[in-house]
Amino acid sequence: MRQRIPRSEEEWRKILAPEEFHVLREKGTEPPFTGKYLYNKKKGVYRCAGCGNEVFLSDSKYDSGTGWPSFWAPASKESIEPKPDNSLGMRRTEVLCSKCGGHLGHVFNDGPEPTGLRYCMNSIALDFYEK
Ligand code: FE
């Protein structure tokens with residue numbers, strides 16, 4: 001982690017809504033096709049719902065058909081932190097907010113050009129700000 005917000009899990013539990021806490025701090029996943037930003041096509045920035053860190057931009061959002069809001073790149077290399085995740089018998093790469101360590105989703109290698117990456121995010125872990 002490059003930078004951490006020094007906040008205990010108990011403090012996070014007080015600050016976040018239960019469903020936000022479940023995804024951001026307990027690495028939960030929202031059910032597909034339920035997230036508020038799945039079909040959002042407005043121009044703007046997506047910030048971490050935990051700390052406000054700018055993590056994704058509408059410019060790299062696309063419809064992956066998976067049921068989760070998907071991006072082919074983060075806002076910047078510094079805004080997120082990839083981390084190996086071998087839970088649930090799968091080899092995946094988890095995507096954390098670089099500022100607060102919050103779990104945002106996973107990144108896969110089946111995305112579109114120019115990166116070939118699919119950042120599969122939980123809407124509940126994001127706050128959208130229209131530009
Ligand atoms: Fe954050």
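See the structure printed just above.
Residues numbered from 1 in each chain as written. Predicted model: local features only at pLDDT ≥ 70, side-chain atom pairs only at ≥ 80, totals over all residues. Heavy atoms only, no water.

Peer 1: Even after reading the chapter, I still don't get the overall build of the protein, so can you show me in this structure?
Peer 2: Along the protein, the regular secondary structure elements total 2 helices and 9 strands. Its helices and strands in sequence order give the protein the pattern α-α-β-β-β-β-β-β-β-β-β, from N to C terminus. Relative to a compact globule of 131 residues, whose C-alpha radius of gyration would be 14 Å, the protein shows 14 Å and is just as compact. With 131 residues in all, the protein has 47% of them scored as buried. Relative to all contacts within the protein whose residues are 6 or more apart in sequence, the contacts with residues 24 or more apart total 55%. Roughly 7,200 Å² of accessible area belongs to the protein as shown, and the carbon and sulfur atoms make up 51% of that amount. (Helix = DSSP H or I, 4+ residues; strand = E, 2+ residues; numbered from the N terminus. Rg over C-alpha atoms; globule rule 2.2 N^0.38 Å. Buried < 20%, exposed > 50% of the residue type's maximum accessible area, 1.4 Å probe, protein only. Contact = heavy atoms within 4.5 Å. Areas by Shrake-Rupley, 256 points an atom, 1.4 Å probe, with all protein chains shown as cover.)

Peer 1: How should the pattern of salt bridges be read in this particular structure?
Peer 2: A pair can form between side chains of opposite charge whenever their charged atoms are brought close. Within this structure, the stated rule accounts for 7 salt bridges. One salt bridge in this structure joins K27 and E94, with 2.7 Å as the shortest N-O distance. You can see K27 sitting in the loop between α2 (18–24) and β1 (44–48) and its partner E94 sitting in strand β6 (residues 92–97), a full 67 residues away along the chain. (Salt bridge = Lys/Arg side-chain N within 4 Å of Asp/Glu carboxyl O.)

Peer 1: When you look at the coordination of the iron ion in this model, what are you seeing that I'm missing?
Peer 2: Between any two of four tetrahedral donors, the ideal angle at the metal is 109.5 degrees; between two of six octahedral donors, it is 90 or 180 degrees. Coordination of the iron ion by the protein involves C48 (SG), C51 (SG), C97 (SG) and C100 (SG), with metal-donor separations of 2.3 Å. One way to put it: the 4 donor atoms around the iron ion meet at angles of 101 to 114°, and that makes the site tetrahedral. (Donors = N, O, S within 2.8 Å, 3.2 Å for Na, K, Ca; no water. Tetrahedral: all angles 85-135°; square planar, octahedral: opposite > 155°, others 65-115°.)

Peer 1: It is not clear to me how the packing of aromatic side chains should be interpreted in this structure. Could you clarify?
Peer 2: The description of two aromatic rings rests on the distance between their centres and on the angle between their planes. Going through the model one piece at a time under the given rule, you end up with 6 aromatic pairs. Among the aromatic residues, those joined into a ring-pair cluster are Y37, Y46, F56, F71, Y119 and F128. Just above the ring of W12 sits the side chain of R7; from NZ or CZ to the centre is 4.6 Å. Above the plane of the ring of Y129 lies R47, whose end atom (NZ or CZ) is 5.5 Å from the centre. (Phe/Tyr/Trp six-rings, centres within 6.5 Å; stacked < 30°, edge-to-face > 60°. Lys NZ or Arg CZ within 6 Å of the ring centre and 35° of its normal.)

Peer 1: Whenever I open this one, the environment of T34 confuses me. Can you help?
Peer 2: In this fold, T34 is placed in the loop between α2 and β1. Put simply, T34 and S123 are 89 residues apart on the chain and 8.6 Å apart in space, counted from C-alpha to C-alpha. Within the structure, the side chain of T34 is placed 2.5 Å from the backbone oxygen of P31, a separation counted as a polar contact. (Polar contact = N/O pair within 3.5 Å; in protein donor to acceptor, adjacent residues only side chain to side chain.)

Peer 1: Would you take a moment to explain the sheet that holds strand β2 (residues 54–57) for this structure?
Peer 2: Picture the strands of a sheet paired through backbone hydrogen bonds; they go either parallel or antiparallel. Spatially, 3 strands are ordered β2-β1-β9 in an open sheet, and the strand pairing comes out antiparallel. Where the open sheet ends on each side, the last strands, each with one partner, are β2 and β9 (126–130). Strand-to-strand twist across the sheet, computed as the mean angle between neighbouring axes with direction ignored, equals 30°. Of the strand pairs in this sheet, β1 and β2 are connected by 3 bridges, and their pairing is antiparallel. Bridged to V45 within β2 is L57. (Pairing = 2+ DSSP bridges. Axes fitted to C-alpha atoms, helices over the stretch in contact; angles between N-to-C directions.)

Peer 1: So what exactly am I meant to see when it comes to the side chain of R92 here?
Peer 2: With respect to the helices, strands and loops of the structure, R92 is situated in strand β6. Take R92: its relative accessible area is 16%, and that puts it in the buried class. Excluding anything up to four places from it in sequence, R92 contacts K83, P84, D85, N86, S87, H106 and F108.

Bear in mind that shape data such as this cannot, by itself, settle questions of function.
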